[in-house]
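Descriptive structure summary
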Amino acid sequence: MSLTLPLLLLLLLLLLLTTIITTTTTTPLPSPSPSPSSSYPYGFSYHIDCGSPTNTTDPFNTTWLSDRYFSGGATSIVSEPLLFQHPHEKTLRFFPTSSGKKNCYTLPLPPPSSTSSAHRRFLLRTFVVYDNYDGKAHPPSFDVSVRSTIVFSWRSPWPSSLSRRGAYSDLLASSPSDADAVPVCFYSFATDPPVISSLEVFSVDPNSYDAASTATTDIVLVNYGRLSCGSGQWGPGFSADSDRFGRSWQADSDYRTANSDKFVAVSTKYGIKGTDQKPNYFPEKLYQTAVTTAEEEGGVIEYELSVDAKLDYLLWLHFAEIEGKVRKAGERVFDVWVNDENLTRIDIYRSVGGFAAYTWHHTVKNLSSSVLSVKLKGVKGAPLICGVENYALVPNDPSTVPQQAVAMKALKDSLRIPERMGWNGDPCAPTNWDAWEGVTCRMSKDNTGLVISQIDLGSQGLKGDISDQISLLSDLVSLNLSSNSLMGEIPNGLGQKSLIHLDLSNNQLTGSIPDSIASSSLKLVINFGLITAFAAELELPYHIMKSCHIFVKKGLLNGNLLEGRVPEELYSIGVHGGAIDLSSNKGLCGVPTLPSCPIFWENGRLSTQGKIAIGLSCFFVFCVVVLLVFVFIRRRRNDYDFALPHELTCKSNFNEILPSSFNVFGDANYVLQQVVQYSWKEHLKIDKSSVPITELVEQENALAAKRNRYQRQKSLMLLEMESQHAKGLVASPYTQQ
């Protein structure tokens, strides 16, 4: 019995110490909340292992796709693979200068969540590591953009730990619902090749994170700190815990300041109401851990987050009353201070009750330093917090007008732009970077986007053709494609109203010069003192030329295989002081210094006059053929006219040459002979006694030919006579009545 009492006291002491350390109460707790609904319309996601040739699966059963959707570059692996836990952290893709200064991944976007949504929203997470993969011990300097906006910047030298172990970054961005993909581009500084190790895309609710002000396509939310208080790092890629948006949560310990009072981490295994619900779908695990202070009254918790003072920030704070000792409103009350400004007073239990999620968010503007301070000061009881999120509100840079972006991508394909020129992503954006090599852009007149003003690709070894889509570049001022090996015809759409300088010389272009070039708004040179120059040579911006009325008309089409008539308006450039060169085109004609054009041939094809002439000729030939056929038919009818001479149709004449007892059908041969002899005697009136013997012979020969003709047709006449007899013609005209 003496031994039992000390043991009981020892057990009570241990129980008391455990209660103090864990700060977990043994008072009755609510039963776990029901599991959230399994219906989730935004389950689209994929993960790309940059540099990997095969698909892999990580320990959390996530499938990583082999490297794809890239524009160029090469692959490598880190120098110390054993330092990295996951396979997708050990491989990388880098973009050397031979791939151009701008390279992109064109990532497919998740399908729209609904037909009514005007945009799609997604979370993009990247992992970047250097780890001296190239043996140069020089981490690169480069920028990363999404669509047209710079979102991440890496500058050498990197911190040692960052260079060796890499870092994850993520953001929330939106895209128009009609966009099927988003470009994620890497821009190199100097000769540094950008690097990327992995890319992940998660579909999210388009109404998430205060959609009224941030879910438009004009804002990108870049993560500047996502903290889970009272726990270690967790989330997709780091633990088996899930987050529908793919958010990863960092431990908060590195961000708490020395100004904080002694903190106490608290946790619970019970369910939290109001979690995993639209539109933000915050995970329940976030609210099952928290940080408070050991001070029972008036404690302080402070976090400091590094920021860019030029930007505004969206701050989200997460709370849940998970200590059972707080049973009613007013038992835990604290103020929220941001950068020494008291913004709100929080009473979790009064707002949502116990074991329920509560959030508060605020937009921080006009920062004066690179540190954002978040401080909780206890008013009644100790302050408590479960999580902190801080997003930079990065406004989207203007992008190229969609129609002109389509035209430039068509030109890229048709001109066969080499990889070294880096024609990837948006042609003009981001504006902090250079536009595509050889391309000059400016803001549109209505300030809604960027437009193409100049294209200078002379002597680039291009071997394609000029796409018809070039007609969409309605703001093009200057086009130089000279000294390449371009083939095909000059597009009919080339000759925008804005065009003042055109150089297509020394190519292999064929066909005719389109009238659109002649009808463009190329204007004459205007002299200002001793200055008379071409716009490209002056290198004056378009708006300056327009304000000063300095326009130059310059058209160089020499050294091609063009043919046909040269529009007079185009040739008048040189007449009125501009520059026009049409030499070394053997097929051109119609203006001075060039051969005259054939009357019926123009621009490599029949002219209008030629078509009319051919039409009239065809009609004349048709008429002649019809006439010949008609004459032939009439002549054939005369050849087979078996009618007897008029003289023979008379009864008296028949009585003279035929006997009275003549049988028509039996003596047809005799009838023909008598008819022929009579005909010739009556019509030729031959008097044999008075005609010379030679002439008489000729007449007899002619008579014999005539007789032979009738002899051949004798049988046809007999058939006709027999046909008449068969029809009941008993009385023959050749017999007496």
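Looking at an unreviewed UniProt entry, one finds the protein chain named Malectin-like domain-containing protein and attributed to Arachis hypogaea.

A tally of regular secondary structure across the protein chain gives 15 helices and 36 strands. Here the protein chain holds 737 residues, and the buried ones make up 46% of them. A fraction of 70% describes how many contacts in the protein chain between residues 6 or more apart in sequence connect residues 24 or more apart. As displayed, the protein chain has an accessible area near 37,300 Å², and 55% of this comes from carbon and sulfur atoms.

Once that is clear, we can look at the nonpolar core. Within the largest apolar cluster, 96 residues are counted, with the highest numbers of intra-cluster contacts made by Leu 107, Leu 124, Leu 171, Tyr 209, Leu 317 and Phe 319. At seven residues, the largest contribution of residues to this core is made by strand 19 (residues 312-320). Mapped onto the domain boundaries, this core takes at least three residues apiece from domain 1 (34-206) and domain 2 (207-396).

Moving on, we get to the state of the cysteines. This structure, assessed with the given rule, holds two disulfides. Paired by a disulfide, Cys 104 and Cys 185 hold their sulfur atoms 2.0 Å apart. Across the disulfide from Cys 104 to Cys 185, rotation about the S-S bond amounts to roughly 100°, and the bridge is consequently right-handed. Here Cys 185 lies in strand 11 (residues 181-188) and Cys 104 lies in strand 6 (residues 102-108), a separation of 81 residues in the sequence. Put simply, Cys 428 and Cys 441 are joined by a disulfide, and their sulfur atoms are 2.0 Å apart. Here Cys 428 and Cys 441 share a disulfide; its torsion about the S-S bond, -75°, makes the bridge left-handed. Residue Cys 428 is located in the loop between helix 5 (402-414) and strand 26 (439-443), and its partner Cys 441 is located in strand 26; the two are separated by 13 residues in the primary sequence. Under the relative-accessibility criterion, Cys 428 is labelled buried at 5%. We note that Cys 229 lacks a disulfide partner, and the nearest cysteine sulfur, in Cys 386, lies 7.2 Å from it. Cys 229 gets classed as buried once you look at its relative accessible area, which sits at 0%.

Per-chain confidence: the protein chain averages 80 in pLDDT, with 75% of residues scoring 70 or above. At the level of individual helices and strands, the protein chain shows its lowest average pLDDT in helix 7 (residues 535-538), which scores 38, and its highest in strand 12 (residues 195-196), which scores 98. This model gives residues 661-666 a pLDDT under 50, and the stretch forms ten contacts once residues within four places in sequence are excluded.

Two faces, one strand: in a regular strand the side chains alternate between the faces of the sheet. Looking at chain direction, strand 30 (residues 510-511) and strand 32 (residues 561-565) are connected through two bridges and run parallel. Note that in strand 32 the partner of Thr 510 across the bridge is Leu 561. As paired strands, strand 32 and strand 34 (residues 587-589) are joined by three bridges and run parallel to one another. Paired with Gly 564 across the strands is Leu 588, a residue of strand 34.

Here we come to the packing of aromatic side chains. Following the criterion strictly, the structure yields 27 aromatic pairs and no others. Here Phe 44 and Tyr 46 contribute two aromatic rings whose centre-to-centre distance is 5.7 Å and whose plane-to-plane angle is 85°, an arrangement assigned as edge-to-face. On the basis of an interplanar angle of 20° and a centroid distance of 6.3 Å, the ring pair of Phe 142 and Trp 154 is categorised as stacked. Taken together, the residues span a long stretch of sequence, with Phe 142 in strand 8 (residues 142-146) and Trp 154 in strand 9 (residues 149-154) at a distance of twelve residues. For the pair Phe 142 and Trp 154, one class covers both residues: buried. Taken together, the ring pairs in this structure connect Phe 70, Phe 94, Phe 95, Tyr 105, Tyr 130, Tyr 133, Phe 142, Trp 154, Trp 158 and Phe 186 into an aromatic cluster. The ring of Tyr 187 carries Lys 101 above its face, with NZ or CZ at 5.4 Å from the centroid. In this arrangement the basic side chain of Arg 256 is found over the ring face of Phe 263, its NZ or CZ atom lying 3.7 Å from the centre.

Moving on, we get to the sheet that holds strand 16 (residues 263-267). Reading across from one edge, 16-17-24 is the order of the three strands in this open sheet, with antiparallel pairing throughout. Across the chains shown, the open sheet's two edge strands, defined by having one partner strand only, are strand 16 and strand 24 (384-385). For strand 17 (residues 289-293) and strand 24, the ladder comprises two bridges, and the chain directions are antiparallel. Looking across to strand 24, one finds that Thr 292 is bridged to Leu 384.

Spatial ordering of the open sheet is given by 30-32-34, a layout of three strands whose pairing is parallel. Looking at which strands have only one partner, the edges of the open sheet turn out to be strand 30 and strand 34.

With that settled, consider helix 5. When the terminal C-alpha atoms of helix 5 are compared, their 18 Å separation across 13 residues agrees well with the 18 Å that a helix rising 1.5 Å per residue should span. Within helix 5, burial applies to Gln 404, Ala 405, Ala 407, Met 408, Ala 410, Leu 411 and Ser 414. The inward-facing, buried residues of helix 5 contact strand 26 and strand 27 (450-456). In the stretch just after helix 5, Arg 416 is the one whose phi turns positive, near 55°.

Looking at the secondary structure, you find Val 204 in strand 13 (residues 198-204). With a relative accessible area of 2%, Val 204 lands in the buried category. With 42 residues separating them along the chain, Val 204 and Gly 246 place their C-alpha atoms 8.9 Å apart.

Here is what the cut-offs are and how they apply
- Residues numbered from 1 in each chain as written.
- Predicted model: local features only at pLDDT ≥ 70, side-chain atom pairs only at ≥ 80, totals over all residues.
- Heavy atoms only, no water.
- Helix = DSSP H or I, 4+ residues; strand = E, 2+ residues; numbered from the N terminus.
- Buried < 20%, exposed > 50% of the residue type's maximum accessible area, 1.4 Å probe, protein only.
- Contact = heavy atoms within 4.5 Å.
- Areas by Shrake-Rupley, 256 points an atom, 1.4 Å probe, with all protein chains shown as cover.
- Core = buried A, V, L, I, M, F, W, Y, C linked by side-chain atoms within 4.5 Å.
- Domains from an automatic or database assignment.
- Disulfide = S-S within 2.5 Å.
- pLDDT = per-residue confidence, 0-100.
- Pairing = 2+ DSSP bridges.
- Phe/Tyr/Trp six-rings, centres within 6.5 Å; stacked < 30°, edge-to-face > 60°.
- Lys NZ or Arg CZ within 6 Å of the ring centre and 35° of its normal.
- Expected span 1.5 Å × (residues − 1).

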